[in-house]
Amino acid sequence: MRRFFFPMLGLCLILLSSSLSAKKPLITVGKDECFIINSKEVIYDGKKENGEVIKLNLPIYRGTEEPATYSDLKSMVMANNEYLLNFCYYKNKEQTRKELLFDIINFYKKNLLKNIDTNKPSLLAVEDNEYIIYYDFLYEGVPGHILIMALDATNLSYHFGDVRLAQLKNNNLPIFLVLNIGKYSSYKK
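Keep in mind that this is a model prediction, so the values were computed, not measured. (Residues numbered from 1 in each chain as written. Predicted model: local features only at pLDDT ≥ 70, side-chain atom pairs only at ≥ 80, totals over all residues. Heavy atoms only, no water.)

## As for the overall build of the protein
Thought 1: Each helix and strand counted, the protein has three helices and ten strands in total.
Thought 2: Along the protein, helices (α) and strands (β) appear in the sequence α-β-β-β-β-β-α-β-α-β-β-β-β when read from the amino end.
Thought 3: Taken across its 189 residues, the protein has 41% of its residues classed as buried.
Thought 4: For the protein, long-range pairs separated by at least 24 residues make up 66% of all intrachain contacts whose partners lie at least 6 apart in sequence.
Thought 5: Carbon and sulfur atoms form 55% of the exposed surface of the protein, whose accessible area is close to 11,200 Å². (Helix = DSSP H or I, 4+ residues; strand = E, 2+ residues; numbered from the N terminus. Buried < 20%, exposed > 50% of the residue type's maximum accessible area, 1.4 Å probe, protein only. Contact = heavy atoms within 4.5 Å. Areas by Shrake-Rupley, 256 points an atom, 1.4 Å probe, with all protein chains shown as cover.)

## A look at the side chain of asparagine 111
Thought 1: Within the fold, asparagine 111 resides in the loop between helix 3 (97-109) and strand 7 (123-127).
Thought 2: With residues up to four places along the chain from it excluded, the contact list for asparagine 111 reads Pro59 and Tyr139.

## Thoughts on helix 3
Thought 1: Taking 1.5 Å of rise per residue, 13 residues should cover 18 Å, and helix 3 covers 18 Å from first to last C-alpha, within 8% of that figure.
Thought 2: Buried within helix 3 we find Arg97, Leu100, Leu101, Phe102, Ile104, Ile105 and Tyr108.
Thought 3: Looking at the packing, one finds that the buried side of helix 3 touches strand 4 (53-59), strand 6 (86-89), strand 8 (130-139), strand 9 (142-151) and strand 10 (175-181). (Expected span 1.5 Å × (residues − 1).)

## Some thoughts on the pattern of salt bridges
Thought 1: Inspection of the entire model under this criterion finds two salt bridges.
Thought 2: Here aspartate 45 ties to lysine 55 by a salt bridge, and the two come within 2.8 Å at their closest N and O atoms. Taken together, the positions of aspartate 45 in strand 3 (residues 41-47) and lysine 55 in strand 4 put the pair ten residues apart, joining distant regions of the chain.
Thought 3: Between glutamate 52 and lysine 48 there is a salt bridge, with the nearest N and O atoms lying 3.8 Å from each other.
Thought 4: On the basis of relative accessibility, which here comes to 39%, the residue glutamate 52 falls in the partly exposed class. (Salt bridge = Lys/Arg side-chain N within 4 Å of Asp/Glu carboxyl O.)

## Digging into the pairing of strand 3
Thought 1: The two faces of strand 3 differ: Val42, Tyr44 and Gly46 on one face are buried, but Glu41, Ile43, Asp45 and Lys47 on the other face are not.
Thought 2: Counting the residues that bridge the hairpin from strand 3 to strand 4 gives five residues, and of these glycine 51 lies at a positive phi of roughly 95°.
Thought 3: Pairing between strand 3 and strand 5 (residues 68-69): two bridges, direction parallel. Paired with isoleucine 43 across the two strands is threonine 69, which belongs to strand 5. (Pairing = 2+ DSSP bridges.)

## Structural notes on the confidence of the model for the protein
Thought 1: For the protein, the mean per-residue pLDDT works out to 80, and 79% of the residues sit at or above 70.
Thought 2: At the level of individual helices and strands, the protein shows its lowest average pLDDT in helix 1 (residues 2-20), which scores 39, and its highest in helix 3, which scores 95.
Thought 3: Taken together, the stretch residues 1-21 has pLDDT below 50 and engages in one contact with residues farther than four places along the chain or on a different chain. (pLDDT = per-residue confidence, 0-100.)

Structure below.
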């Protein structure tokens, strides 16, 4: 019995470790045909306000895989005109969409938005059933902005205000996020 147990245990451990170390692809496509970037960061060429080009390591919320370059991501997508820093997130079973929204904001508060009052974005609006948030930032001397959109907002009036007042329906629709590097939004204060 002992002779069979140890080889079987070794085989089980090998199979388990190989399944645990299986890498996800750099990009997966969500059920709503939006990109999910699995890398923990994307290496991107950014241009400082003085014109100097530098490499930026852009953190990706929920990313677990090795860093990817923007070129790596672009080579995986058929449409060359696609802006690849446009992606989405789905809530986990144990969280609401509002919790997911604040998870995303709190993640970027630690890096891209660390010098920003995230409760007072450049623009906060609910229009045509979409909750829209713009944050302008300066990261490593490079201007940029984040756009966060969530469909199915419950308040359909246009308003400015505090992000903490978000009213999102708790359905399974994704929250979309766009990282735009190289310029501020037109809503920068």
